[in-house]
Amino acid sequence: SQKIEQNSEALNIQEGKTATLTCNYTNYSPAYLQWYRQDPGRGPVFLLLIRENEKEKRKERLKVTFDTTLKQSLFHITASQPADSATYLCAFISSGSARQLTFGSGTQLTVLP
Amino acid sequence: DAMVIQNPRYQVTQFGKPVTLSCSQTLNHNVMYWYQQKSSQAPKLLFHYYDKDFNNEADTPDNFQSRRPNTSFCFLDIRSPGLGDAAMYLCATSRDLGSGGTSSYEQYFGPGTRLTVT
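Okay, so let's go over this structure. These figures come from a predicted structure and were not determined experimentally.

Rules of the game
Residues numbered from 1 in each chain as written. Chains lettered and ligands numbered in written order. Predicted model: local features only at pLDDT ≥ 70, side-chain atom pairs only at ≥ 80, totals over all residues. Heavy atoms only, no water. Salt bridge = Lys/Arg side-chain N within 4 Å of Asp/Glu carboxyl O. Helix = DSSP H or I, 4+ residues; strand = E, 2+ residues; numbered from the N terminus. Buried < 20%, exposed > 50% of the residue type's maximum accessible area, 1.4 Å probe, protein only. Disulfide = S-S within 2.5 Å. Contact = heavy atoms within 4.5 Å. Buried area = accessible area lost by both parts, 1.4 Å probe. Polar contact = N/O pair within 3.5 Å; in protein donor to acceptor, adjacent residues only side chain to side chain.

1. Section: the pattern of salt bridges
Residues and elements named next belong to chain A.
Moving on, step 1. Here the structure, examined in full by the defined rule, presents 7 salt bridges over all chains.
Moving on, step 2. Measuring nitrogen to oxygen at the nearest pair gives 2.9 Å for the salt bridge that ties Arg61 to Asp84. Remark: Asp84 occurs in the loop between β8 (72-77) and β9 (86-94) and Arg61 occurs in the loop between β6 (56-59) and β7 (62-67); sequence separation between them is 23 residues.
Moving on, step 3. The exposure class assigned to Asp84 is buried, which follows from its relative accessible area of 7%.

If you want it as structure tokens, here you go:
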């Protein structure tokens, strides 16, 4: 069956360091991959989208990579700040339907001052 | 600002008592979704409307129904809530113009409604 796994439920890092979050998938061929941020008691907020034929995407301090051979996406936050503390969700869209978004369960990131 | 609004933010209902959650959007997006999210779990898609076309996920219980009277509004009806239906319910929108147009794949979420079943 299709499976999406995010590397750990929680990740603590020191302010100023680079946070790296991992999203792995099996039995799946996503056409697009997205990353969302979710704060407690709030809905997810879209951050970045990367297509299957793209290796890397950047937006300000954020960087996403997509490796279809490893079946893995890495999400990096450079120069992390306490305000970056949140849960980060990866999500996949298959080529069959742009409307079918399948989420991972998220990694809770805490940036310590 | 264009946005997705959910009301109420917190809803308490009794076991078996029907409840309706509402969602409205000012983004003029043609697709609206309902997700269920339990604590520390992934949001789970229940169903979505592509314009007026209703699309139910195969594993969504019959207890959950939805209505979309117009582009801006969408409702989630839970006919007989059980204790296992306590969760955050998220509404989202996106723009999907199909193969003939430009689609925007990101989804815009509302703040969610936290449902408690007593």
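Next comes the rest of the write-up.
2. Here we look at the state of the cysteines
All names here are of chain B.
Moving on, step 1. Enumeration according to the criterion identifies 2 disulfides over all chains in this entry.
Moving on, step 2. The disulfide bridge from Cys23 ends at Cys91, spanning 1.9 Å between sulfur atoms. Residues Cys23 and Cys91 share a disulfide whose torsion about the S-S bond is about -75°; that sign makes it left-handed. Residue Cys23 is found in strand β3 (residues 19-25), and its partner Cys91 is found in strand β9 (residues 87-95); the two are separated by 68 residues along the sequence. The exposure classification of Cys23 matches that of Cys91, with both residues buried.

3. What about the environment of A:Ser85?
Residue and element names in this part refer to chain A.
Moving on, step 1. When you line up the elements, Ser85 lands in the loop between β8 and β9.
Moving on, step 2. By relative accessible area, Ser85 is classed as partly exposed at 23%.
Moving on, step 3. In this structure, the C-alpha to C-alpha distance between Ser85 and Arg37, residues 48 residues apart in sequence, is 9.4 Å.
Moving on, step 4. Beyond its immediate chain neighbours, meaning those up to four positions away, Ser85 contacts Arg37, Asp39, Leu109, Thr110 and Val111.

4. Let's talk about the interface of chain B and chain A
Moving on, step 1. Residue-level contacts link 22 residues of chain B with 19 residues of chain A.
Moving on, step 2. A combined buried area of about 1700 Å² lies between chain B and chain A, and 54% of that area is made up of carbon and sulfur atoms.
Moving on, step 3. Along the contact surface separating chain B from chain A lie 0 salt bridges.
Moving on, step 4. Taken together, the connections running from chain B to chain A amount to 5 residue pairs in polar contact (both at pLDDT 80 or more).
Moving on, step 5. Taken together, the elements giving at least two residues each to the side of chain B that touches chain A come down to β4 (31-37), β5 (44-50), β9 and β10 (104-109) of chain B.

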